[in-house]
Amino acid sequence: MNTVIVQAMPQWLRKRDILRMFDIGYRKLDDWTGAGYIRSIKFNDGSQQGTKLYYVSDVADLLLRLSAFYAPQIKHGRV
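Reading the values: the criteria
Residues numbered from 1 in each chain as written. Predicted model: local features only at pLDDT ≥ 70, side-chain atom pairs only at ≥ 80, totals over all residues. Heavy atoms only, no water. Pairing = 2+ DSSP bridges. Helix = DSSP H or I, 4+ residues; strand = E, 2+ residues; numbered from the N terminus. Axes fitted to C-alpha atoms, helices over the stretch in contact; angles between N-to-C directions. Buried < 20%, exposed > 50% of the residue type's maximum accessible area, 1.4 Å probe, protein only. Arc of directions from axis to C-beta. Contact = heavy atoms within 4.5 Å. Parallel < 35°, antiparallel > 145°, perpendicular 65-115°, else oblique. Nonpolar A, V, L, I, M, F, W, Y, C, P; charged D, E, K, R; others polar.

*Asks:* Any chance you could break down the sheet that holds strand 2 (residues 40-43) for me, citing the residues and the numbers?
*Replies:* Sheet architecture is open: three strands sit in the order 1-3-2, paired in antiparallel fashion. Both edges of this open sheet fall to strand 1 (12-14) and strand 2, since each of them pairs with a single strand only. For this sheet the average axis-to-axis angle between neighbouring strands, irrespective of direction, equals 35°. As defined by bridge partners, strand 1 adjoins strand 3 (residues 51-55) across three bridges and the pair is classed as antiparallel.

Here is the structure:
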C-alpha cells in the first residue's frame, strides 16, 4: 500500500516568506496590501514594530488575476 504525505500550505505568512514564495518585491506587496487586494493582520508582540502576517490565498489570487489580465479585486473586510 502506497502512502501519500500531503503538506498543507500555511494560510498566513510573514512578509519575508511571502516575498520568497511568490518572488515579488516588498514595495509591491505593501502597495497591494494598502490598496486592499491582500489582507493582513498585525500582532503587537511587545516589540515596537509587531508581527505582520499576510493571507497567502489573497496573494495567489491577485497574481493569477493579473496574469490573466483581469483587474485586481479588493478583499472585503479587514482581519
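Following the structure, the description resumes.
*Asks:* With reference to specific residues and values, describe helix 2 (residues 26-35).
*Replies:* Regarding helix 2, the residues found buried are Leu29, Trp32 and Thr33. Viewed end-on, helix 2 has its buried residues packed into an arc of 100°, placing them on one side of the element. Summarising the geometry of helix 2, the exposed residues directed more than 90 degrees from the buried face are Arg27, Asp31 and Gly34. Against the buried residues of helix 2 lie helix 1 (15-22), strand 2, strand 3 and helix 3 (56-67). Directly after helix 2, the chain includes Gly36, whose backbone phi takes a positive value near 95°.

*Asks:* How would you summarise the packing of helix 1 against helix 2 if you had to cite specific residues and measurements?
*Replies:* With their axes 10 Å apart at the nearest point, helix 1 and helix 2 run at an angle of 110° to one another. When the axis of helix 1 is compared with that of helix 2, the two are roughly perpendicular. Contacts from Lys15, Ile18 and Leu19 of helix 1 reach helix 2 at Tyr26, Leu29 and Asp30. Taken together, the residues that form the contact of helix 1 with helix 2 break down as four nonpolar, no polar and two charged.

*Asks:* Got a sec to walk through helix 1? Specific residues and values, please.
*Replies:* For helix 1, the set of buried residues is Ile18, Leu19 and Phe22. Buried residues along helix 1 cover an arc of 100° about the axis, so they all sit on one side. Those residues of helix 1 that are buried are in contact with strand 1, helix 2, strand 3 and helix 3. Positioned one or two residues after helix 1, Asp23 has a phi angle of 55°, which is positive.

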